[in-house]
Amino acid sequence: MNTAEFERGSRKQLRIHVLPTTRFKTFAISLYAGVPLREDTVTQTALIPFVLRRGTESYPETTQFREQLEHLYGAGFGFDVYKRGDYQIVQFRMDTINDSFVGGEEQLLDRSFAFLGEVLTKPAQENGHFKAAYVYAERETVRKKLESIVNDKMRYAAERCIEEMCKNEPYRLHPLGERKVLPAIEPAELTTAYRNWLGTASMDLYVVGDTTLEEVEELVERHFSLERTVSSDYQAQKAVRGNQDVNTVIEKLNIGQGKLNMGLRTSITYGDDNYAAALLYNGILGGYPHSKLFVNVREKESLAYYASSRYDGHKGIATIQSGIEIPHYEKAVAIIKQQLEEMRSGNITDLEMSQTKAMIRNLLKEMQDAAFEIIAYDFNRQLSGKERTPEELLAQIEQVTKQDVREAAEQFRLDTIYFLRDEKEE
């Protein structure tokens, strides 16, 4: 593994993280801006980057905006909006070729920062606010994205399970917001929300490539027109234990295949010392093709078209997803519960342990070959306040025993069962 470490600094209340390296032919630039998930701001915040990508002060038309990327030798530019724990994160990414691979006296890192800084702080405006045409067009873009979730019943069931499980918590909110709110968002209102977001979001700028912390700090000073008075840190979150009774929700829609989802709560989060054991728990339960859910629910019993589990270490939640024939609901629930009990009882084979460790080991090693994966891993440190290098996590994974996994399993408790089925009368 690569053992180089990020150099840390700050400018304009923006945390800066630079990994100087000649391993990559490009500069990987990532800007994270995070705010707490809130019902009254989540939709406006989600809409902001969609409007920002339409044009800037220097390139107000979207065609000019895209042409500028071509002038940067086809630099990649994109963004994501997602949630980590109870935070809504907007991430901008740029991937720019290293100057040394281009003839002439190009300064592509400088030009990339000029572009990104303008996207972030100097959007195209009319009459002192966002262009109305861009706001209305991007409202429709976000509406269609949210609507596509309803049409994708696998994603819909996963989202509904979280909504039911976390109905009294910010985590219930989708990072793209709510469809019902979108039609009322006007340019002036969104511009006010944007300025507030720009001034208060927790911001982290990452650069991986052949540069230095000093150079990046100077580029931020020159190209980011930020007037921020505070640098807000992410607050480490404590897991919510929820109710002791399992909440069962059955929803009926016009579908052919049932979607059975389960939500589990755990006290183990990313910052805990036994996080590695929780990763092994999830991997053995349903994270990989050799896992208990896949083998026992899908392969042996032929009850599910798919069966897997996911673990959000920032929230302290694991979810199980499966697609089943509707009449098999009771049997599928019983067999999934049996797998949870097998984990709590420590009925784990040497092969399950070794295969799961190998899968996690490979993922951690492959991550070191991708600049944006290196950045994403380090950002976990900012979110959780936990210092843990990939090498340290790998060493912890290798040391986890069956007993450690069994003890971790005792910290995962079934909270919610959500079943999406057809509308036929039973």
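Residues numbered from 1 in each chain as written. Predicted model: local features only at pLDDT ≥ 70, side-chain atom pairs only at ≥ 80, totals over all residues. Heavy atoms only, no water.

Enquirer: Any chance you could explain helix H6 (residues 187–200) here in plain terms?
Expert: Along an α-helix, residues three or four positions apart point the same way, because every turn accommodates 3.6 residues. Given a rise of 1.5 Å per residue, 14 residues ought to cover 20 Å, and the 20 Å separating the end C-alpha atoms of H6 matches this to within 8%. Listed in full, the buried residues belonging to H6 are Pro187, Leu190, Thr191, Tyr194, Trp197 and Leu198. In a view along the axis of H6, the buried residues occupy a sector of 125 degrees, so they form one face of it. (Helix = DSSP H or I, 4+ residues; strand = E, 2+ residues; numbered from the N terminus. Expected span 1.5 Å × (residues − 1). Buried < 20%, exposed > 50% of the residue type's maximum accessible area, 1.4 Å probe, protein only. Arc of directions from axis to C-beta.)

Enquirer: Quick question: what am I supposed to make of the environment of Ile360 here?
Expert: Along the polypeptide, Ile360 turns up in helix H11 (residues 350–367). Overall, Ile360 belongs to the buried group, its relative accessible area being 6%. Along the backbone, Ile360 and Thr26 are 334 residues apart, and their C-alpha atoms lie at a distance of 27 Å. Among residues more than four places away in sequence, those in contact with Ile360 are Leu279, Leu280, Tyr288 and Ile397. (Contact = heavy atoms within 4.5 Å.)

Enquirer: What is the right way to look at the side chain of Gln321 in this model?
Expert: For Gln321, the location among the structural elements is in strand S12 (residues 317–324). Within the local environment of Gln321, its side chain forms a polar contact with the side chain of Thr319, the two groups lying 2.7 Å apart. Residues contacting Gln321, with those up to four places away along its chain left out, are Leu260, Asn261, Tyr306, Ala307, Ser308, Ser309 and Arg310. (Polar contact = N/O pair within 3.5 Å; in protein donor to acceptor, adjacent residues only side chain to side chain.)

Enquirer: Please explain the sheet that holds strand S13 (residues 412–421) as it appears in this structure.
Expert: Strand pairs in the sheet, formed through backbone hydrogen bonds, run parallel or antiparallel to each other. The mixed open sheet is built from five strands, whose spatial order is S9-S13-S10-S12-S11. Two strands close off the open sheet at either side, each with one partner strand: strand S9 (247–252) and strand S11 (304–312). Direction aside, neighbouring strands of the sheet carry axes that sit 15 degrees apart on average. Bridge count between strand S10 (residues 258–266) and S12: eight bridges; the pairing is antiparallel. Within S12, the position partnered with Asn261 by the bridge is Gln321. (Pairing = 2+ DSSP bridges. Axes fitted to C-alpha atoms, helices over the stretch in contact; angles between N-to-C directions.)

Enquirer: Is there a simple way to explain the sheet that holds strand S2 (residues 14–20) in this structure?
Expert: With mixed pairing, the six strands of this open sheet are ordered in space as S1-S2-S8-S3-S5-S4. Lying at the two open borders of the sheet, with one neighbouring strand each, are strand S1 (7–11) and strand S4 (76–84). Recorded for the sheet is a direction-independent mean angle of 20 degrees between the axes of neighbouring strands. Both S4 and strand S5 (residues 87–97) contribute to a ladder of nine bridges, which runs antiparallel.

Enquirer: Mind showing me how you'd approach the pattern of salt bridges here?
Expert: Here the idea is simple: oppositely charged side chains can pair when their charged atoms come close. In total, this model carries 34 salt bridges according to the counting rule given. A salt bridge links Glu147 to Arg179; its shortest N-O distance comes to 3.6 Å. In this pair, Glu147 sits in helix H4 (residues 132–151) while Arg179 sits in the loop between helix H5 (153–165) and H6, placing the two residues 32 residues apart along the sequence. Residue classification places Glu147 among the partly exposed positions, given a relative accessible area of 30%. The class of Arg179 is partly exposed, set by a relative accessible area of 37%. A salt bridge links Lys386 to Asp273; the shortest N-O distance between them is 3.3 Å. Residue Lys386 is located in the loop between helix H12 (371–384) and helix H13 (390–399), and its partner Asp273 is located in the loop between S10 and helix H8 (275–287); the two are separated by 113 residues in the primary sequence. A relative accessible area of 66% places Asp273 in the exposed class. Sharing partners across several salt bridges, the network here consists of Asp86, Glu169, Arg265, Lys315 and Asp415. (Salt bridge = Lys/Arg side-chain N within 4 Å of Asp/Glu carboxyl O.)

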